[in-house]
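# Working through the structure, step by step
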Amino acid sequence: MAVIQTINVDNKVRSKALYFAVPLFVLFLLANSFYTIQPSERGNVRRLGVVQYDKPLLPGLHFKLPLIDKVDKIQVSLATLHIPPFSVTTVDNQRVELDLNFNYTIPENKVYHLMYEIGGSGNTDIENQILPVVKDRASRIFSGENMSTVNAKRNEIQTQIEASVSKSVEELFGIEPHSLQIAGIKPSDSFMASNEAAVRAKNEAIAAENTKRTRQFEADQNVIQAKGQADSAIEAARGRAESVRLEAEANKMKLTLEGEGQEARLNAEIKPFGSAETYIQYLRAKAQLNWDGKQPQVLSGSGSSTNLVLPINNPEK
């Protein structure tokens, strides 16, 4: 009796489990029967390894057989592939670490090719296929460059790498390249050390040359200043000499004019008497009339000539 009861209990448990399991399984199947493709994607379906559609599925809600069909998707909008830092060697045997970014899109007519003819079937690992191509083309370009001119030619080098990578990935994979950027160029530590030493030596040489020029300039300024002072002293001496000469000439002219004035005055005074002897007789006569009998005590003169007043004896006394 107890055994029968146990069997009945087990049957009830199984019935309840089945009652809940069937709806859950149905929901699971329904949930796995639909999928969506986003606007930035294209897709296709593989059923037991066989691709179901010749053309990529467009964005929207789609149906598939649950547990049998596998949905493959690939991004067709603009994608940026970051190439992790890797090393290349320049023509002068210098190691350089590059950091690159590559932008591309996948054309509509290349979706099937990239999903099922490149890499693993249904895989969207196209970026793993692009990476070695980008590294190889960048290495080729840098192998012909000299490390000392890399920075100066950075834009030119980037253009060359972009052209080479774009052509290669388009031919190999059919993707549409858009641009490539060199995010970073890092020389080796030994090169940086030697470059810093060279820059330091150059700066020291420039500083020494500037010091030399400064001192030469100061010396030239001192020479110019000394010459200016000497020229100024010479000009001052010339000025003083010229001043003395002019003063002497002025005094000479003054004396000459004063003498000429005295001569003109005497001539004017003598002229009315007809001769100097007559004029002298006149002066004697006038002196006798004005003489008070005393000895004259005053001598008077002016300029270069002197008038001496003397007593004149009257011959009649």
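Small disclaimer: the values here were computed from a predicted structure and weren't measured. (Residues numbered from 1 in each chain as written. Predicted model: local features only at pLDDT ≥ 70, side-chain atom pairs only at ≥ 80, totals over all residues. Heavy atoms only, no water.)

## As for the packing of aromatic side chains
A full pass over the atoms with the stated rule returns 3 aromatic pairs. Each ring, one from Phe34 and one from Phe63, has its centre 5.5 Å from the other, and the planes form 70 degrees; the classification is edge-to-face. Of this pair, Phe34 sits in strand E1 (residues 34-37) while Phe63 is found in strand E4 (residues 60-63), placing the two residues 29 residues apart along the sequence. (Phe/Tyr/Trp six-rings, centres within 6.5 Å; stacked < 30°, edge-to-face > 60°. Helix = DSSP H or I, 4+ residues; strand = E, 2+ residues; numbered from the N terminus.)

## Here we look at the sheet that holds strand E5 (residues 69-75)
Pairing in this open sheet of 3 strands is antiparallel, and the strands run E3-E2-E5 from one edge to the other. The open sheet terminates on both sides in strands that have one partner only, identified here as strand E3 (50-51) and E5. Judged from the 7 bridges that link them, strand E2 (residues 41-47) and E5 form a sheet pairing that is antiparallel. What sits directly across from Glu41, in E5, is Gln75. (Pairing = 2+ DSSP bridges.)

## Some words on a nonpolar patch on the surface
A cluster of nonpolar side chains, Leu30, Phe34, Leu48, Leu61, Phe63, Leu65, Leu67 and Ile68, forms an exposed patch at the surface whose accessible area comes to about 840 Å². Mapping Ile68 onto the fold places it in the loop between E4 and E5. Looking at Ile68, the relative accessible area reads 39%, which means it is partly exposed. (Patch = residues over 30% accessible without salt bridge, like charges linked within 9 Å, V, L, I, M, F, W, Y side chains within 5 Å. Areas by Shrake-Rupley, 256 points an atom, 1.4 Å probe, with all protein chains shown as cover. Salt bridge = Lys/Arg side-chain N within 4 Å of Asp/Glu carboxyl O. Buried < 20%, exposed > 50% of the residue type's maximum accessible area, 1.4 Å probe, protein only.)

## A look at the nonpolar core
Within the largest apolar cluster, 38 residues are counted, with the highest numbers of intra-cluster contacts made by Phe102, Tyr104, Ile130, Ile161, Phe173 and Ile175. If you tally residues by element for this core, the top one is helix H3 (residues 126-142), at 8 residues. Apart from the residues lying within four places of it in its own chain, the contact partners of Phe102 are Ala79, Thr80, Leu81, Ile83, Ile130, Val165, Ser166, Val169, Ile175, Pro177, Ser179 and Leu180. (Core = buried A, V, L, I, M, F, W, Y, C linked by side-chain atoms within 4.5 Å. Contact = heavy atoms within 4.5 Å.)

## Some details on the environment of Leu172
With respect to the helices and strands, Leu172 occurs in helix H4 (residues 154-173). Since its relative accessible area comes to 45%, Leu172 is described here as partly exposed. Sequence separation between Leu172 and Ile118 is 54 residues; the distance between their C-alpha atoms is 9.3 Å. In this view, Leu172 contacts His113, Ile118 and Val133; residues no more than four positions away in its chain are not counted.

## Re unusual backbone geometry
Its identity as a non-glycine residue notwithstanding, Leu67 has a phi of 70 degrees, on the positive side. Residues other than glycine seldom take positive phi values, yet Asn93 does so here, at roughly 65 degrees. Structurally, Asn93 is set in the loop between strand E6 (79-89) and strand E7 (95-105).

## With respect to the sheet that holds E6
Spatially, E6-E7-E8 is the arrangement adopted by the 3 strands of the open sheet, whose pairing is antiparallel. Strands with a single pairing partner mark the edges of an open sheet, and in this sheet they are E6 and strand E8 (176-187). Direction aside, neighbouring strands of the sheet carry axes that sit 20 degrees apart on average. Two strands pair when backbone bridges link them, and E7 and E8 are joined in this way by 10 bridges, in the antiparallel orientation. The partner of Leu98 across the bridge, within E8, is Ile185. (Axes fitted to C-alpha atoms, helices over the stretch in contact; angles between N-to-C directions.)

## A short note on the side chain of Asn44
By the secondary structure assignment, Asn44 is in strand E2. Judged by its relative accessible area of 2%, Asn44 falls in the buried class. Within the structure, the side chain of Asn44 is placed 2.8 Å from the backbone oxygen of Tyr53, a separation counted as a polar contact. Look past the residues within four positions of Asn44 in its chain and what remains in contact with it is Val51, Gln52, Tyr53, Lys55, Leu57, Lys70, Val71, Asp72, Tyr112, Met115 and Tyr116. (Polar contact = N/O pair within 3.5 Å; in protein donor to acceptor, adjacent residues only side chain to side chain.)

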